[in-house]
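Fold and geometry: a report
Chain by chain, the residues run as shown.
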Amino acid sequence: MKRKMNQMVACVVLTALLFTGCQSVGQKTEETTKEQAKTVNTTELKAANYMEDVAAIDEQLKKEAANYTLDNAQVIKDPYGASPLTAVICFTTKESVDGTITVLGKKEKDNITGNIAKATTHIIPVYGLYNNDTTKVEVELSDGSKRTFEVETEDCGVKLDIKAEKIDTSSYDYNSLNLMCSTMGFLYAIDSEGDIRWYYANSGSLGVKFMENGHLMVPATYSIKPQYYKSGLKEIDFLGKTYNEYAIPGGHHHGTYIMSDGSILVSSDANDLTSVEDNVKQINYETGEVMWECDLRELFPGMKCNSASIITDGSEELDWCHNNGLTYDEKNNLVLLSCRHLDAIVAITKEEKPQIAWILGDPNDWPEEYSKYFFTPEGDDFEWMYAQHNVSLLDNGDILLFDNGTAKVKRDKNDSRVTGDDVYSRAVAYHIDTEKMTVSQTWQYGKERGPEWYADWISGANSISGDTKDVWITAGSNLYDPETKSYAGNPLLMFKPGIVCTTHVSHVVDNKLAYEFTISGGITALTFRSMLIQMYNADYVADREAKGTFLGTLGEKKTTEVEKFDVTDAQPLPEGTVVAYDPTKLTVTSSYKLENYNAEKPELKGSYLVLVDSEGNQKAYALGETATADTDESGKATGTATVTVTGWTSPDGMEGNYDVYVVIGGIVYNTGNYVAF
C-alpha cells in the first residue's frame, strides 16, 4: 500500500511539473522597468518555454531513482505527458550493472527486448505497452537480480480495426514495430498482430523520420498556415521528451531527410507563405540556421499545375507544385523532389544557385523550354506515374516511388481521366540513364490489386533491403463509396457520410505479398506513411542531462495593410481567446459567431493581431478565419456558423515593447499585456 501511495505522489508531482511555467495572459511580473513603463499595459507576457518543464521532470526522475532499489522500484507511466503507452522504471543499484528489459507481448514473438546500460542510477524506458490493458515487463540485471512488473494503461482513444494477414512470415522482423502516421495528426505503432503498442499525439504526422540515435524527427505541433503547414520540426524520443524544436522560415510539410553530416533537408513553403510546397531548405542540426535553400518558382517561373490531380485534390492554385517527398543523391549532389501537381520527380543541383538537372515524368502539357530535361521511355511494360508520392533511391541508384495513379492523364486531358473500376495504384521503380536520357521501368507492385488497393493521395514505399526484393508499401487512402459502389475516391470525398476509409500496409518480398495490415475505422484510418522501427535499437536510454532548446527562426512576418484601429476603448479580452508567446512566435486562438451564414459567400468580419508601440504606431497581422456551419441536435443547419480564428507573428525584426491587442470578428480587444521583443 505504501508503494502504491508513493507511485501516486510521484505521478502527481510529475504532472504538476509538466504544466508549471505556462504563462497565462493575466499573470503579472514582479518588476516593471522604466523601458517597460512606456507601454499602456503593465503586465508582461513572457515567453513560455515548455523545455524548462521537461528539464524539471528529468530532475525529478533522477531524484525518484535515488530513493528506490529494484525490489521497490518506481514505475512512472507517461512521464512527459505525451506518450501514454510508455513508462520508466526508476531505481538504483549499489554496483554499476547492466542487464535486459523485456516487454512481454501477448504472443512470445511480439516480445520487445532491449539492453539496459551499465550504471548505478537506472531510469529505464519501457516501450511497447498494450493500449487499455495490462502488460508484463521483465527486468533482469547482470548481478542476477530480476523482477517482473505489471503496468496498466488507459485507452489512448484510437478507434481502429486492424487486421494482420500473414502469408509468408519468414522475412518478417518481429523485433520491429510498425510506425503509422495517421493523416489526422497522430502517430501510433503496432506489432505483428496489429495491436497498438505506442502512441503520440503532440505533433503533426506528415514527414516523420527515424534517426540513427533512436529518436524521431517529427513535425512541430503549431500550424503557421492551414491545414498542415507546421512551424518546423521537433526531435523527440519514444517517451515523448523533446530535445530540439526547430523553427523554419516558411515552415515544414511532408518531407524530412537527414543528411550524412547530420543536417536536415526539409520540404518547405515560400518564406512569406504566398505559395506553398514549392521550397526546400537545409537546416543546421546544431543551430537551426538555414544552410541552403531553393525556391522552385525561380527554376520554373510562371509554371502552373499541369496534373489532373488538382481537379479532385481541392487544392488552391498557390499549391502549383505540391512537393510531398524528398531525398538526396549524394553521389551526384542532387535533391530529388516528388512534385505531385506536376506528375514529376524533379532533380535539382544542390549548389549555391540551384539548377534543374532532370525531370522524370510524362512530358505532355509542359512548356517547350523544359523538354530537354525529360527522359525517353524504353520497354514494352513502361508506364508513367501520376500524382505520385514519396521518392527514394535504391542502392543501385534506381528511383523508388508510390504511383498514386490519379487520372493517369495530364490536366489538359482531364475529360479522359481513368475512373471507376479502372483505377489502380502501385509502387514502382525506374532506372534512368542521364547520358542517353532514357528511362525504363524495372519493378512494380499494386497494379494487379486493382481498385480495392487504390490510393488516390498520400501513401509511400521504401525498401528494407536496398533493392526491390523487400519493399514496405503504404497504400494509405483507399475509399469505398457504398452509394456509387466505387473505389475511385479522392480527397474531396473523404468526409462524405458513409464513406469507408482503408489503409493497406503491404510487405512485398520477392514480388509476392508476405504480410499485410488492413486498417479501417473512419477517416483516422487514412495513413500518410508507415515504417518499421526498432525502439531499443540505438542508445535508447533517454538522456536525462540533455536540455531541450528552441532553434532557428520563422523569419520576419510581414504586416497587413489595413486602416489604423482605434484601441482607446478596446474591450476586455473575450472568454476563450488565448494569446500565447514562446521563444519563436506570438500566437492568437479565438472564435466568434457568424449570423446569417452563407456557405458559398461567408461574410467574415476580419480578425487581426495588433501590436502598438510607445509612440502609438501599429503593426497589424491578419489572422486566419475558418467558418464551420452550426447544427442543432438533429444535425440540421441553424443558419449560423462558428468562425475559428488563428494566427501568429514572429519576434524577428521587432525590437522593443508592444501593447498587444486583438481584433476578433471586427471588434477590438485589449489583452491587458505587452510583449518585450
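Reading the values: the criteria
- Residues numbered from 1 in each chain as written.
- Predicted model: local features only at pLDDT ≥ 70, side-chain atom pairs only at ≥ 80, totals over all residues.
- Heavy atoms only, no water.
- Helix = DSSP H or I, 4+ residues; strand = E, 2+ residues; numbered from the N terminus.
- Rg over C-alpha atoms; globule rule 2.2 N^0.38 Å.
- Buried < 20%, exposed > 50% of the residue type's maximum accessible area, 1.4 Å probe, protein only.
- Core = buried A, V, L, I, M, F, W, Y, C linked by side-chain atoms within 4.5 Å.
- Contact = heavy atoms within 4.5 Å.
- Pairing = 2+ DSSP bridges.
- Salt bridge = Lys/Arg side-chain N within 4 Å of Asp/Glu carboxyl O.
- Axes fitted to C-alpha atoms, helices over the stretch in contact; angles between N-to-C directions.

**As for the overall build of the protein chain**
A count of helical and extended segments in the protein chain gives four helices and 43 strands. At 26 Å, the protein chain has a C-alpha radius of gyration in line with the 26 Å of a compact globule built from 677 residues. Here the C-alpha coordinates of the protein chain stretch approximately 75 × 75 × 60 Å along the principal axes. Within the span of the protein chain, comprising 677 residues, buried residues form 55% of the whole.

**Some points on the nonpolar core**
Residues Ile89, Val137, Val139, Tyr188 and Trp198 are the most contacted members of the largest nonpolar core, which totals 75 residues. With residues up to four places along the chain from it excluded, the contact list for tyrosine 188 reads Leu160, Ile162, Asn178, Leu179, Met180, Ser182, Ile196, Trp198, Tyr199 and Ile519. With 26 residues, the next largest nonpolar core counts Trp320, Trp366, Tyr373 and Phe374 among its residues.

**A word on the pairing of strand β26 (residues 399-403)**
Burial runs high along β26: five of the five residues are buried. On β26, burial covers both faces: Ile399, Leu401 and Asp403 on one face and Leu400 and Phe402 on the other are all buried. The loop that links strand β25 (residues 389-393) with its antiparallel partner β26 comprises five residues; one of these, glycine 397, has a positive phi angle of about 95°. One ladder, built from five bridges, connects β26 with strand β27 (residues 426-433); its direction is antiparallel.

**A look at the pattern of salt bridges**
A complete count under the given rule lists 27 salt bridges for this structure. In this structure, lysine 109 engages glutamate 193 in a salt bridge whose closest nitrogen and oxygen atoms are separated by 2.7 Å. With lysine 109 in the loop between β3 (86-103) and β4 (112-127) and glutamate 193 in the loop between β9 (187-190) and β10 (196-200), this pair connects stretches of sequence that are 84 residues apart. The shortest N-O distance in the salt bridge between aspartate 456 and arginine 340 comes to 3.4 Å. With a gap of 116 residues between them, aspartate 456 in the loop between β28 (438-445) and β29 (460-463) and arginine 340 in the loop between β21 (334-339) and β22 (344-349) connect regions that are remote in the sequence. The same class applies to aspartate 456 and to arginine 340, which are both buried. Taken together, the shared-partner salt bridges in this structure form one network comprising Lys107, Lys109, Asp110, Lys166 and Glu193.

**A look at the sheet that holds strand β37 (residues 585-594)**
Sheet strands pair via backbone hydrogen bonds, and the direction of the pair is either parallel or antiparallel. What the four strands build is an open sheet, ordered β36-β37-β41-β40; its pairing is antiparallel. In the strand order of this sheet, the two ends are held by β36 (578-582) and β40 (624-631), each with one partner. Neighbour-to-neighbour, the strand axes of the sheet open up by a mean angle of 15°, direction not taken into account. Summarising the sheet, β37 and strand β41 (residues 637-649) pair through nine bridges and their orientation is antiparallel. Of the residues in β41, the one forming a bridge with valine 588 is glycine 647.

All we've got here are geometric facts, nothing functional implied.
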